[in-house]
Amino acid sequence: MKLKLHFLLIFFFTTSILFAQFPVTNGLVANYEFNNNLNDGVANNDMASSSGASSFAADRLNNQNSSLFVDRTQHQGYVFSGVNNAVSISFWASFSPTSASTERLLHLYDLVHGGGFRIEYNRPNGEVNFIAQTANTGAVSRTTSLPTTSSNVWHHFVVTIRIVNSIAEGRVYIDGTLATDLSMDFIAGGDFYNNTSPLQVSPINGPTNPAAYSGKIDDIYVYNRVIHSTEVSAIYNYSSPPDIIYVDINATGANDGTSWAHAYTDLWSALDNINNGDEIWMASGTYSPSFYPSKTYGVNNDNLKIYGGFSGTETNLEDRDISLIHTTNETILSGDINNNDDTNVSFGNATRTDNSNAVIKILKTGVTLDGLTISDGYADALSGNDRFGAGIFLDPEANVFTIENCIVKDNVAYWAAGMYINPTFNSNIKINACVFENNLGVLTGAFYIIPNSSKTMNLRITNCLFNGNRTEDDSVTDPNTIRRGLGAPAGWIRAFNSNTFTNTTLVNNTFVNNVALGTGVNTDFPVLGLSKSSSNGANSTNVISNNIFWGNTRNNGQLSLALGRVVDVFNFTESQISNNIDEDGFTNLGVGVGSINNSGTNPNLTTDFKLQATSTAAIDMGTNNGIPTGITLDLAGNNRIENTTVDIGAYEYATTLSNNDFNLLSFKIYPNPASSILNIKTDKEIELITIHSILGNKVMIKKDTKTIDIRQLNSGVYLLKVYYSNQAKSTSLKFIKN
């Protein structure tokens, strides 16, 4: 995430303490981070477009609308005035694939005397040109080749110029390293700048001018001094894109993780050769930590992201086809280390007792899991951590964690078969668009979440499906006693330790066919346990909206309570429980609970728990107020709000076909949402493509192509229409432009 320097500088001047992760602020006079705007983060020297409009695109970290898509349009920023003979400019650039000549990225020239410099890019030759001059001297130029010249690759540039003892010095750094071929010294005939000198991006303007810059630029930092090599390195390493480590069980190359061809064939090798903040991309296949003594995958790096669901040919994260991540391109992390499990998920099953005690352990903070299936862990120890979190175990240090687009299934544990979370520090946990299915525990099936003493936890669970999870007694593991089930098969959120505070958002989830069995006491045997201590200062708030609870049962086939206590007390006087569907009608909610607009009407779900035309109790019956910021898609990857009001449950009902529906017709688009390139996959010959705004205006026309560059479109929802050769009808599908 980009750091807002104007906040940092204000903080510095008001407290004399620089709360700055950004390493170089001395002499900084302007910075442009292009977070969907042209604002200067230091003062008020905002950038301006010659056309009056600007477009934004994904940056090198895949943050949407966080870089400037220049598109041959001049933009002017900070203006130096008076004499300046020491200047540095730092920026990131990604060159356009359509560039066919030498394009001028930016320049900084004295408008009166002509001193200054410019940076050019020659795509056909893969070269960068640096041209500099002082007043009353001719231009001096240098050229070097870029280490990587393909499109969509970001490079970091720093240009420094100064005059020392009548010698002009120009230095250029590329990706943190001095480019000696570009650097120069020459006799200065005058000042670099002694009048009005504006910084201009794509200074040669014009949509058809081949010398105008057509790519992207980002994070421009302007200094009124020369920054030195150690500072350049600090800036580059601070904001450099993460390294991507590739894993493909079927790769046959060098097994060094540098590309799909040379991918590691096991996840452990990637985890052993990675740095904080990097990414691991995993191709489809089943991966198991079978030949490691720990029998688990240990994530021991901060801010690591592990993405699954790739076919093994993608070059950008957006190329990953979300509609296939749990089918054709499924990436499975399996605890079945001997590959001998039968289908019986139960306590004491001899084919499973040798499985991983935790398929994956998250040992550090800031980790993201996305697009994985995590299955077949077995945690049956009589004491210690090996009885918790058979699928995913979070170490207490892992206080920031995100899991999206994952399936957690077929795990068995004494406590929290699917996922166990017990952070030591204040924490933020996000669970979105995941499926928890057929997990079995004595104490909770899908997950158990409990913060430590005097700590606050912000927990957000959205767009998830909890299906067929179970709790029951375990009379097999311990020969001396029966481990008695307490219910809460879909999960248990517990404010138990002293002065703990849990802040839970539970929105647009579907809970079906979960079974709360057991002979334990002091429990409501609910589907989802929400409880707190009654005596030690622990407390909680809960926003529970737009959820479906249906077909969930407890002992003797009785209907299970949707929400209730487990061991502790169920006392949520600060809760807001609204616009949910519960088969029991929330009969146990007490006085003081904000329970409004809830229903007990059958939502008429399909066999895969989606809405259909007869699901009138759920369609357009939710509340938009509860949807967290940033949640725009449902569990299937469709728009979260199809009409003006959100539906209830994990899936939105749409009369238009979803991506999965289009697979049946041999037609699909991906990625969706997209920020740059939209791909069409069909076995038919395309004659014409039109794109329309949500208001019906035609904004783009393409012919004879299956790849569309949509970077010039504003963010929003669009309708794509495809016309096939020799067919009168068109096919339409909505997509989101980030």
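Residues numbered from 1 in each chain as written. Predicted model: local features only at pLDDT ≥ 70, side-chain atom pairs only at ≥ 80, totals over all residues. Heavy atoms only, no water.

Student: Looking at this structure, I do not really get the pairing of strand β11 (residues 154-164). What am I missing?
Tutor: Working note: regular strand, side chains alternate between the two faces of the sheet. The buried fraction of β11 is high, at eight of eleven residues. Judged from the nine bridges that link them, strand β6 (residues 86-94) and β11 form a sheet pairing that is antiparallel. Counted as the bridge partner of I89 is V159 from β11. Pairing of β11 with strand β12 (residues 167-174), which is carried by eight bridges, proceeds in the antiparallel orientation. By the bridge assignment, V158 is partnered in β12 with Y173. Linkage of β11 to β12, two consecutive antiparallel strands, is achieved through a turn of two residues, within which N165 is found at a positive phi near 55°. (Buried < 20%, exposed > 50% of the residue type's maximum accessible area, 1.4 Å probe, protein only. Helix = DSSP H or I, 4+ residues; strand = E, 2+ residues; numbered from the N terminus. Pairing = 2+ DSSP bridges.)

Student: Explanation requested: the environment of T462 in the structure shown.
Tutor: Within the fold, T462 resides in strand β36 (residues 456-462). Residues T462 and N546, 84 residues apart in the sequence, show an inter-C-alpha distance of 9.7 Å. Aside from chain neighbours lying at most four places away, what touches T462 is I431, N432, A433, V507, N508, N509, P628 and I631. Among the polar contacts made by the side chain of T462, one reaches the side chain of N432 at a distance of 2.6 Å. (Contact = heavy atoms within 4.5 Å. Polar contact = N/O pair within 3.5 Å; in protein donor to acceptor, adjacent residues only side chain to side chain.)

Student: I'm lost on the pattern of salt bridges in this one. Help?
Tutor: A side chain of one charge can pair with a side chain of the opposite charge when the charged atoms of the two come close. Per the counting criterion, the structure on display carries 19 salt bridges. With a shortest N-O distance of 2.9 Å, R320 and D370 are connected by a salt bridge. Of this pair, R320 sits in the loop between β21 (305-310) and β22 (331-334) while D370 sits in strand β24 (residues 367-370), and the two are 50 residues apart along the sequence. For R320, a relative accessible area of 5% gives the class buried. Two residues, D709 and R711, come together in a salt bridge whose shortest N-O distance is 2.6 Å. With a relative accessible area of 26%, D709 lands in the partly exposed category. Residue classification places R711 among the buried positions, given a relative accessible area of 5%. (Salt bridge = Lys/Arg side-chain N within 4 Å of Asp/Glu carboxyl O.)

Student: Got a minute to help me understand the sheet that holds strand β18 (residues 279-283) in this structure?
Tutor: Backbone-to-backbone hydrogen bonds join strands into a sheet, with any given pair of strands oriented parallel or antiparallel. Read from one edge of the open sheet, eleven strands run β17-β18-β21-β24-β28-β32-β36-β40-β44-β48-β50, paired in parallel fashion. Two strands in the sheet have a free side with no partner beyond their single neighbour: β17 (244-247) and β50 (594-596). Within the sheet, the average angular offset between the axes of one strand and its neighbour, ignoring direction, is 10°. By the bridge criterion, six bridges tie strand β32 (residues 427-432) to β36 in an arrangement that is parallel. Across the sheet, residue N432 finds its bridge partner in β36, namely T462. (Axes fitted to C-alpha atoms, helices over the stretch in contact; angles between N-to-C directions.)

Student: Is there a simple way to think about the packing of aromatic side chains in this case?
Tutor: The description of an aromatic ring pair rests on the distance of the ring centres and on the angle between the ring planes. As enumerated under the stated definition, the model contains 30 aromatic pairs in all. Ring plane angle 10° and centroid distance 6.3 Å describe the contact between F80 and Y193, whose orientation is recorded as stacked. With a gap of 113 residues between them, F80 in strand β5 (residues 75-80) and Y193 in the loop between β14 (184-187) and β15 (197-201) connect regions that are remote in the sequence. Each member of the pair, F80 as well as Y193, is classed as buried. (Phe/Tyr/Trp six-rings, centres within 6.5 Å; stacked < 30°, edge-to-face > 60°.)

Student: Teacher, can you tell me more about the pairing of strand β10 (residues 140-145) here?
Tutor: Here six bridges tie strand β9 (residues 127-133) to β10, and the two strands are oriented antiparallel to one another. Across the sheet, residue E127 finds its bridge partner in β10, namely S145. Where β9 folds back on β10, the antiparallel hairpin that results is connected by six residues, among which N136 adopts a positive phi of roughly 70°.

Student: Explain unusual backbone geometry here, please?
Tutor: The linkage connecting Y670 with the following residue, P671, adopts the cis geometry, with an omega of -10°. Along the chain, P671 turns up in the loop between β51 (667-670) and β52 (677-682). In this structure, the amide linkage connecting N672 to the following residue, P673, adopts the cis form with an omega of 10°. Positive phi values are uncommon outside glycine, yet A433 reaches one of about 55°. Secondary-structure assignment places A433 in the loop between β32 and β33 (435-437). The exposure class of A433 is buried, given its relative accessible area of 6%. For N463, which is not glycine, the phi torsion reads 55° and is therefore positive. Turning to its location among the elements, N463 is positioned in the loop between β36 and β37 (465-467).

Student: Would you take a moment to explain the environment of G206 for this structure?
Tutor: Looking at the secondary structure, you find G206 in the loop between β15 and β16 (216-223). On a C-alpha basis, the gap between G206 and D71 in space is 9.1 Å, while along the polypeptide they are 135 residues apart. The contacts of G206, once residues within four sequence positions are left out, are R72 and A212.

Student: So what exactly am I meant to see when it comes to the state of the cysteines here?
Tutor: Applying the stated criterion to the full structure yields zero disulfides. C434 supplies the cysteine sulfur nearest to C464, a cysteine that is in no disulfide, at a spacing of 4.8 Å. (Disulfide = S-S within 2.5 Å.)

Student: Just to check I follow, could you spell out the side chain of D584 for this structure?
Tutor: Its place among the elements puts D584 in the loop between β49 (581-582) and β50. Buried and unpaired, D584 has R554 as its nearest opposite-charge partner, separated by 6.6 Å. A distance of 2.6 Å separates polar atoms of two side chains, one belonging to D584 and the other to T587. Leave out the neighbours within four places in its chain, and D584 touches L559, S560 and L561. (Lys, Arg positive; Asp, Glu negative; His and termini not counted.)

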